[in-house]
Amino acid sequence: MSIGENLKKILSSLPLGVQLIAVSKTKSNEDIMEAYNAGQRIFGENKVQELLQKWESLPKDIEWHFIGHLQSNKVKFIAPFISMIHAADSHKILKTINEEAKRQGRKIPCLLQFHIASEESKFGFRPEDVEHLFTDIMLEELKYITFSGVMGMATYTDNTVLINHEFSKLNNLFQITKEYYFSSTEDFREISMGMSDDYILAIQNGSTMVRIGSTLFGKRLYLNEE
Ligand SMILES: *Cc1c(COP(=O)(O)O)cnc(C)c1O
């Protein structure tokens, strides 16, 4: 099947209100243009250098989402144009994003990444810290960030019971975070969860953004991990 056909099939399986982030990391401009010509406008990348090259050469109405771990010293390169940062995973990175957004005279939409998987990872806020993430003063200072919701990745496993549990945990963290810090804004509304192998489960648990790569573009030929 072609990328265009894959896209139609995936889109037809998504309920209303669930957005597709087409994860184009490692994929060529030609592949991206195939999805673009079939109507897709939101693409996800996880490497700053690769994203910059694609942003420069591809149509300017593409909305680029940064979905990987972001290093502080690279925020300035994507701050002028990035549509959403999915993996805001520390206070340090939020502070840097805020500074660069201010410099650009814009607000940058960000999702708070929570560490929900059972695998070890240094990235993501810890669920047990959710009640102590921000003070009012901190949120006031981060005024160039639009807090748009949460993001998480389930454990890489066939165990659907575990994946279900983790996605439901992220939904719960979303509700708590909204209630504690963002109850007065409509902006905080996204739950970014679900990839090629688990997006159906993610949707059943309330996902509003699925990040799909290999099911759309085909398997990646080389590894692209942090
Ligand atoms: C690569 C990646 C995806 C997409 O993975 P697929 O299994 O190819 O759909 C989604 N989210 C993040 C954070 C990724 O790095």
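The structure displayed is predicted, hence computed values, not measured ones. (Residues numbered from 1 in each chain as written. Predicted model: local features only at pLDDT ≥ 70, side-chain atom pairs only at ≥ 80, totals over all residues. Heavy atoms only, no water.)

## Brief notes about the packing of helix H1 (residues 3–13) against helix H2 (residues 29–37)
- Where H1 contacts H2, the axes come no closer than 8 Å and their chain directions differ by 50 degrees. What the angle tells us is that H1 and H2 run oblique. Between H1 and H2 lies a crossing whose hand is right-handed. Residues Ile 3, Gly 4 and Leu 7 of H1 pack against Asp 31, Glu 34 and Ala 35 of H2. (Axes fitted to C-alpha atoms, helices over the stretch in contact; angles between N-to-C directions. Helix = DSSP H or I, 4+ residues; strand = E, 2+ residues; numbered from the N terminus. Parallel < 35°, antiparallel > 145°, perpendicular 65-115°, else oblique. Left-handed = near helix turned anticlockwise from the far one by under 90°. Contact = heavy atoms within 4.5 Å.)

## A short note on the pattern of salt bridges
- If you walk through the whole model with that rule in mind, you get eight salt bridges.
- Where Glu 50 meets Lys 54, a salt bridge forms, and the shortest distance between an N and an O atom there is 2.8 Å. Of this pair, Glu 50 and Lys 54 both sit in helix H3 (residues 48–57), four residues apart, which is roughly one turn of that helix. An identical accessibility class is assigned to Glu 50 and Lys 54; each is buried.
- The salt bridge partner of Arg 189 is Glu 190, with a shortest N-O separation of 3.5 Å.
- Residues participating in the shared-partner salt-bridge network are Glu 45, Glu 50 and Lys 54. (Salt bridge = Lys/Arg side-chain N within 4 Å of Asp/Glu carboxyl O. Buried < 20%, exposed > 50% of the residue type's maximum accessible area, 1.4 Å probe, protein only.)

## What to know about the layout of surface pockets
- Each pocket or cavity is described by its volume, and for the second largest pocket that value is around 190 Å³.
- Leu 139, Leu 142, Ile 145, Phe 147 and Phe 182 are the residues nearest the centre of the second largest pocket, which is lined by 13 residues in total.
- Of all elements in the fold, only helix H6 (136–141) and strand E6 (145–151) reach the threshold of two or more residues within the lining of the second largest pocket.
- Tallied by class, the residues present in the lining of the second largest pocket amount to six nonpolar, two polar and five charged. (1 Å grid on protein atoms, 1.4 Å probe; cavity = no way out; pocket = protein on both sides within 12 Å on 5 of 7 lines; lining within 4 Å. Points joined across faces, edges and corners; volume = space filled by probe spheres on them. Nonpolar A, V, L, I, M, F, W, Y, C, P; charged D, E, K, R; others polar.)

## Thoughts on the nonpolar core
- Judged by nonpolar contacts, the single largest core of 63 residues is most densely connected at Ile 78, Phe 134 and Phe 147.
- Every residue in contact with Phe 134, bar those within four places of it in the chain, is listed here: His 91, Leu 94, Leu 112, Leu 139, Leu 142, Phe 147, Tyr 181 and Phe 182.
- Core analysis: the next-biggest nonpolar cluster, separate from the first, contains eight residues, Ile 42, Ile 67, Leu 111 and Met 209 among them. (Core = buried A, V, L, I, M, F, W, Y, C linked by side-chain atoms within 4.5 Å.)

## With respect to the pairing of strand E1 (residues 19–23)
- Where burial is concerned, most of E1 is hidden: four out of the five residues are buried.
- Where E1 meets strand E8 (residues 209–212), four bridges bridge the pair, whose relative direction is parallel. Opposite Ile 21, over in E8, you have Arg 211 as the bridge partner.
- Where E1 meets strand E2 (residues 42–45), two bridges bridge the pair, whose relative direction is parallel. Bridge assignment links Val 23 to a residue of E2, and that residue is Gly 44.
- One crossover worth recording links E1 to the parallel E2 by way of H2, and it is right-handed. (Pairing = 2+ DSSP bridges. Right-handed = clockwise from strand over helix to strand, strands pointing away.)

## Examining the site of the ligand
- In the neighbourhood of the ligand, the contacting residues comprise Val 23, Lys 25, Ile 67, Met 153, Met 195, Ser 196, Arg 211, Ile 212, Gly 213, Ser 214 and Arg 220.
- Contacts to the ligand include Ser 196, whose side-chain N or O atom sits 2.6 Å from an oxygen atom.
- Between an oxygen atom of the ligand and a main-chain N or O atom of Gly 213, the distance comes to 2.8 Å.
- When the free accessible area of the ligand is taken as 380 Å², the share hidden by the protein chains comes to 91%.
- Along the lines of polarity and charge, the residues of the shell around the ligand split into five nonpolar, three polar and three charged. (Near = heavy atom within 4 Å. Polar contact = N/O pair within 3.5 Å; in protein donor to acceptor, adjacent residues only side chain to side chain. Areas by Shrake-Rupley, 256 points an atom, 1.4 Å probe, with all protein chains shown as cover.)

## Some details on the environment of Arg 189
- Tracing the backbone through its elements, the reader meets Arg 189 in the loop between helix H7 (160–181) and strand E7 (190–192).
- Arg 189 sits in the exposed class, given a relative accessible area of 51%.
- Beyond its immediate sequence surroundings of up to four residues, Arg 189 is in contact with Ser 148, Gly 149, Phe 174 and Thr 208.

## Notes on the environment of Leu 94
- Its location among the elements puts Leu 94 in helix H5 (residues 91–104).
- Residues within four places of Leu 94 in sequence aside, it is in contact with Ala 88, Leu 112, Phe 125, Phe 134, Leu 142, Ile 145 and Phe 147.

## Section: the packing of aromatic side chains
- In the structure shown here, the tally under the stated rule is 11 aromatic pairs.
- Where Phe 147 meets Phe 182, the ring centres are 4.9 Å apart and the plane angle is 25 degrees; that geometry is what we call stacked. Separated by 35 residues along the polypeptide, Phe 147 in strand E6 and Phe 182 in the loop between H7 and E7 bring together distant segments of the chain.
- A relative accessible area of 5% means that Phe 182 is categorised as buried.
- Taking 4.6 Å as the distance between ring centres and 15 degrees as the angle between the ring planes, the aromatic pair formed by Phe 182 and Phe 188 counts as stacked. As far as the burial class goes, Phe 182 and Phe 188 line up, both buried.
- Three or more aromatic residues link up through ring pairs in this structure, and these residues are Phe 134, Phe 147, Phe 174, Tyr 180, Tyr 181, Phe 182 and Phe 188.
- Lying over the aromatic face of Trp 55, Lys 60 brings its terminal NZ or CZ to 5.1 Å of the ring centre. (Phe/Tyr/Trp six-rings, centres within 6.5 Å; stacked < 30°, edge-to-face > 60°. Lys NZ or Arg CZ within 6 Å of the ring centre and 35° of its normal.)

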